[in-house]
Amino acid sequence: MKELYGFINPNEFREINHKKSRAMTNKVIDLKTAIENFVKDGDYLGIGGFGMDRIPSAALHEIVRQKKRHLTLAGHTATHDGQILCAGNCVDKVDAAYVVGVELLGLSPNYRRTFQEGKVKVTEWTNATLAWRYKAAAMGLSFLPVRSMLGTETFEKSKAIEFKCPFTGGIYALVPACFPDVSVIHVPRADIYGNCQIDGITVSDYDVARASKKVIITTEEIIETDEIRKNPERTIIPFYCVDAVVHVPYGSFPGNMPGMYYLDIEHLGEWNEAEKSEESLNKFLDNYIYNVKDWKEYLERCGGKKRLQELRSIELLENQPSTTNHNQSTIEHKPYNMTEFMICAASRVLEDNKTIVVGTGLPMLAAMLAQKTHTPNLLMMFEAGGVAPLLPALPMSVGDSRTQYKTLLSTSMPEIMETCARGLVDYAFLGGAQIDKYGNLNSTIIGPNYEKPKVRLPGSGGANDLASLCWNTIIIMKMDKKKFVEKLDFLTTPGYLSGPNSREKAGLPPDTGPFKVITDCCIFNFDKETKEMQIESLHPGISLEDVQNNCSFKLKTTNKKPLITQEPTKRELEILRKEIDPKGQIIS
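The following paragraphs examine the structure supplied in this document.

Conventions used here
Residues numbered from 1 in each chain as written. Predicted model: local features only at pLDDT ≥ 70, side-chain atom pairs only at ≥ 80, totals over all residues. Heavy atoms only, no water. Axes fitted to C-alpha atoms, helices over the stretch in contact; angles between N-to-C directions. Helix = DSSP H or I, 4+ residues; strand = E, 2+ residues; numbered from the N terminus. Left-handed = near helix turned anticlockwise from the far one by under 90°. Contact = heavy atoms within 4.5 Å. Nonpolar A, V, L, I, M, F, W, Y, C, P; charged D, E, K, R; others polar. Salt bridge = Lys/Arg side-chain N within 4 Å of Asp/Glu carboxyl O. Buried < 20%, exposed > 50% of the residue type's maximum accessible area, 1.4 Å probe, protein only. Core = buried A, V, L, I, M, F, W, Y, C linked by side-chain atoms within 4.5 Å. Phe/Tyr/Trp six-rings, centres within 6.5 Å; stacked < 30°, edge-to-face > 60°.

What follows concerns the packing of helix 16 (residues 362-373) against helix 21 (residues 570-580). Axis separation between helix 16 and helix 21 bottoms out at 10 Å; the angle between their running directions is 115°. Judged by the sense of rotation from one axis to the other, the crossing of helix 16 with helix 21 is right-handed. Contact residues: helix 16 offers Leu365, Met368, Leu369, Lys372 and Thr373, while helix 21 offers Arg571, Glu572, Ile575, Leu576, Glu579 and Ile580. Residue composition of the contact of helix 16 with helix 21, grouped by class: six nonpolar, one polar and four charged.

Have a look at this one:
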């Protein structure tokens with residue numbers, strides 16, 4: 001059992017709130033003063049937004065510039081935000097739901113080193129359980145019962161405890177409330193008092209603001225309170241939760257601000273490249289953080305108005321790449337690669353009029369392809385809060401603005417996860433670093449030493465929650481003996497755990513679990529009796545021996561002669577190459 005961070009008695013939190021002023025006073029101050037006054041060494045730091053969507057980058061730069069130390073990071077899909085803070089050596093402890101990754105750009109070298117060298121103490125969570133910890137605090141409670149993490153090492157490395165329900169006799173995980181000392185949240189607009197509007201998904205910011213002892217708001221725009229009063233239903237954070245308001249246009253750069261500017265992928269790539277050595281990282285930080293006087297100067301060093309206008313054009317879907325300039329004969333005659341094969345095979349598993357929560361990368365492409373071919377009524381959800389978007393382009397993450405485009409509902413992460421818990425979601429679509437014969441997944445560490453792993457991976461993110469709560473899990477990953485293993489280095493996400501009935505015994509909902517595993521060699525399903533993975537179909541030109549050679553455990557087949565997986569059609573490849581991934585971000 002790990003350390004508990006961010007917890008106080010709810011009665012103590014009530015006293016903190018009791019002493020706060022209720023007056024509507026002007027809270028506008030400059031960023032330097034806000035960080036000096038409200039962020040103290042040793043604080044538990046909550047961060048708004050999700051991944052690289054609406055993150056408070058400007059405030060995080062100022063925290064690094066002021067050399068704040070010994071912070072505890074709420075790693076609630078902490079991508080570039082965590083990358084910034086770890087680059088500045090600001091963090092000692094982490095509540096890790098999703099860390100070290102920078103979405104489709106891969107894993108941050110320095111961020112990973114921080115974990116792999118044991119420089120931070122870590123307690124594991126999932127995206128949903130950390131969100132529900134905030135919700136418990138916002139409700140004035142000390143805990144909430146949930147049905148995630150049960151039966152996994154993610155649970156063992158958390159501070160959750162098992163609890164037998166007095167009404168049903170079922171098993172729940174009790175997750176303790178989380179009360180950040182200070183949270184920083186970036187919003188599109190606020191008034192001088194701290195009434196804040198948020199466009200699109202809210203992730204967990206509603207609860208983060210209410211769970212925190214102090215809240216700093218950074219905002220793209222300050223508007224009149226009369227404008228707030230015209231649309232009160234859009235006020236996500238009220239003034240009485242807020243301690244400081246800072247006007248910081250482009251304050252999420254190089255992150256994505258929905259409706260305003262897109263990710264600066266090139267600059268994020270520059271971060272990753274600089275992190276490959278300590279020397280180059282120090283030079284990078286000097287140039288972009290320590291030796292700049294303010295946020296405006298940083299933006300100028302990143303390309304200024306010209307670059308920001310380019311990012312605005314990308315966000316507004318102006319000057320999109322043409323789908324008519326491709327050489328048609330190339331499309332028709334270019335042989336498919338196995339990434340394309342996997343995507344096409346996975347898309348055919350999906351059914352129309354079903355609901356699916358889609359993960360980053362290959363699952364996104366497969367779901368988009370299915371929707372454009374045979375499942376026009378497939379209802380896609382994204383864990384950060386987008387429901388049924390009309391995806392205009394391939395999203396970089398499950399939280400970026402593409403997942404919010406023309407949605408039926410832009411909501412929160414708790415709402416998505418609670419929809420899964422209510423039994424309304426048919427499929428979770430996931431990937432992983434390792435998988436065993438029962439479909440259990442590892443996305444946390446590689447190596448035997450948890451405290452100083454050989455490789456630190458992002459952690460659960462929402463995978464554990466989705467695989468725990470959705471009816472069926474579809475998994476897509478390339479075959480390799482190091483990936484298909486007898487024993488996982490860490491059991492992050494539940495498959496069938498140790499076999500028949502083990503999910504139910506652990507407390508997970510009945511009749512749930514892995515459904516298919518799509519690989520570059522074959523498609524697997526699971527034996528109904530033993531719950532072990534078995535070969536359903538082989539891809540053309542692949543033998544049973546080929547598959548077994550890429551797997552560390554003994555495989556089963558559904559029959560004496562497995563089926564042959566259908567090859568991608570010309571139409572599938574054309575849609576995939578021309579409409580879904582025309583830049584070749586994944587399929588090249």
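Looking now at the environment of Ala209. By secondary structure assignment, the location of Ala209 is in helix 8 (residues 205-211). Linking Ala209 and Val182, residues 27 residues apart in sequence, is a C-alpha distance of 9.2 Å. Ignoring anything within four residues of it in the chain, the contact list for Ala209 reads Ile185, Val215, Ile237 and Cys241.

Moving on: the pattern of salt bridges. Counted under the stated rule, the structure contains 28 salt bridges. Among the salt bridges present, the one from Lys135 reaches Asp207, with a minimum N-O distance of 3.3 Å. With Lys135 in helix 6 (residues 127-138) and Asp207 in helix 8, this residue pair connects regions lying 72 residues apart in the sequence. Note on Asp207: relative accessible area 6%, which makes it buried. The residue Glu297 makes a salt bridge to Arg301 at a minimum N-O spacing of 2.8 Å. Here the residue Glu297 and the residue Arg301 both occupy positions in helix 12 (residues 295-301), the gap between them amounting to four residues, near one helical turn.

Membership of the largest hydrophobic core comes to 121 residues, with the highest contact counts inside it found for Ile217, Ile237, Leu350, Met380, Phe484, Phe524 and Val547. Among the elements that line this core, the one with the most residues is helix 16, at eight residues. Discounting chain neighbours no more than four positions away, the residues touching Leu350 are Ile356, Ala366, Ala367, Ala370, His374, Thr375, Leu378, Tyr427, Phe429 and Ile474. If you look at the next biggest cluster of nonpolar residues, it comprises 56 residues, including Leu85, Ala96, Phe115 and Phe253.

It is at 10 Å that the axes of helix 2 (residues 31-38) and helix 3 (residues 57-65) come closest, and there the two elements cross at 60°. Both helix 2 and helix 3 take part in a crossing whose hand is right-handed. Contact with helix 2, carried on its side by Leu31, Lys32 and Ile35, involves Ala58, Ala59, Glu62 and Ile63 of helix 3 and no other residues of that element. Looking at the contact of helix 2 with helix 3 residue by residue, the class counts come to five nonpolar, no polar and two charged.

Another point: the packing of aromatic side chains. What the rule picks out here adds up to 15 aromatic pairs. For the pair Trp271 and Phe284, a centre-to-centre distance of 4.8 Å together with 65° between the ring planes defines the contact as edge-to-face. Taken as a pair, Trp271 in helix 10 (residues 265-274) and Phe284 in helix 11 (residues 278-290) lie far apart in primary sequence, 13 residues in all. Judged by relative accessible area, Trp271 falls into the buried class, the value being 1%.

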